[in-house]
Amino acid sequence: MALPFQKELEKYKNIDEDELLGKLSEEELKQLENVLDDLDPESALLPAGFRQKDQTRKAATGPFDREHLLMYLEKEALEQKDREDFVPFTGEKKGRSIPGQALCQQILHAKCEGDIILFK
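Residues numbered from 1 in each chain as written. Predicted model: local features only at pLDDT ≥ 70, side-chain atom pairs only at ≥ 80, totals over all residues. Heavy atoms only, no water.

## Some points on the overall build of the chain
The cut-off we apply is this: A run of H or I in DSSP becomes a helix once it reaches four residues, and a run of E becomes a strand once it reaches two; helices and strands are each numbered from the N terminus. Partly exposed residues are those whose accessible area sits between 20% and 50% of the maximum for their type, while under 20% is buried and over 50% is exposed, using a 1.4 Å probe and protein chains only. Note that accessible areas follow from Shrake-Rupley with a 1.4 Å probe, and for residues the cover is restricted to the protein chains shown.
Counting its secondary structure elements, the chain contains 6 helices and 2 strands. Burial status across the chain gives 2% buried among its 120 residues. Looking at the chain as shown, the accessible area adds up to about 12,900 Å², and 56% of this sits on carbon and sulfur atoms.

Structure, rendered in structure tokens:
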């Protein structure tokens, strides 16, 4: 037994969605996109690249060449001068030392010969 509302839904089974979307204006497409985002903002079934709206209006400037981009970035990094440290490195240790740390360091670097431990 078919319910009355199911008979009404039968007429929507053979609709060409591409044709309908092709007839929409730019503004109507944006409005549809916003409505769909409100329905399911984070669809786990979509790849990560498709979850974010395309916000670019600029046309592509040319083909993407990854190797060329990496070579350019490496060249720019090598040409850029390293900035000087604000506080030059002196090797000075700051803060208080841990009691017994010197002894631990000596034990770690000591040479063991039989039962005798030789400290440097």
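## Section: a nonpolar patch on the surface
Going by this rule: Note on patches: the residues involved have over 30% relative accessible area and no salt bridge, like charges join within 9 Å, and the nonpolar side chains Val, Leu, Ile, Met, Phe, Trp and Tyr join within 5 Å. Any Lys or Arg side-chain nitrogen found within 4 Å of a carboxyl oxygen on Asp or Glu counts as a salt bridge.
Residues Leu-21, Leu-24, Leu-29, Leu-32, Val-35, Leu-36 and Leu-39 make up a contiguous nonpolar surface patch of roughly 580 Å² in combined accessible area. Within the secondary structure, Leu-29 sits in helix H3 (residues 26-39).

## Considerations on the confidence of the model for the chain
Predicted coordinates in areas of low pLDDT are best not read in detail. Which entries qualify depends on this criterion: The score called pLDDT rates the predictor's confidence residue by residue, from a low of 0 to a high of 100.
Per-residue confidence for the chain averages 78 on the pLDDT scale, and 81% of its residues sit at or above 70. The spread of mean pLDDT over the elements of the chain runs between strand S2 (residues 116-118), the lowest at 60, and helix H5 (residues 66-79), the highest at 94.

## Some details on the pattern of salt bridges
For the structure shown, the criterion picks out 1 salt bridge. The shortest N-O distance in the salt bridge between Glu-19 and Lys-23 comes to 3.4 Å. With Glu-19 and Lys-23 both in helix H2 (residues 17-23) and 4 residues apart, the pair spans about one turn of that helix. Overall, the relative accessible area of 60% leaves Lys-23 in the exposed class.

## So, the environment of Asp-37
Within the element layout of this structure, Asp-37 appears in helix H3. Here Asp-37 falls in the partly exposed class, since its relative accessible area comes to 25%. With 15 residues separating them along the chain, Asp-37 and Gln-52 place their C-alpha atoms 9.7 Å apart.

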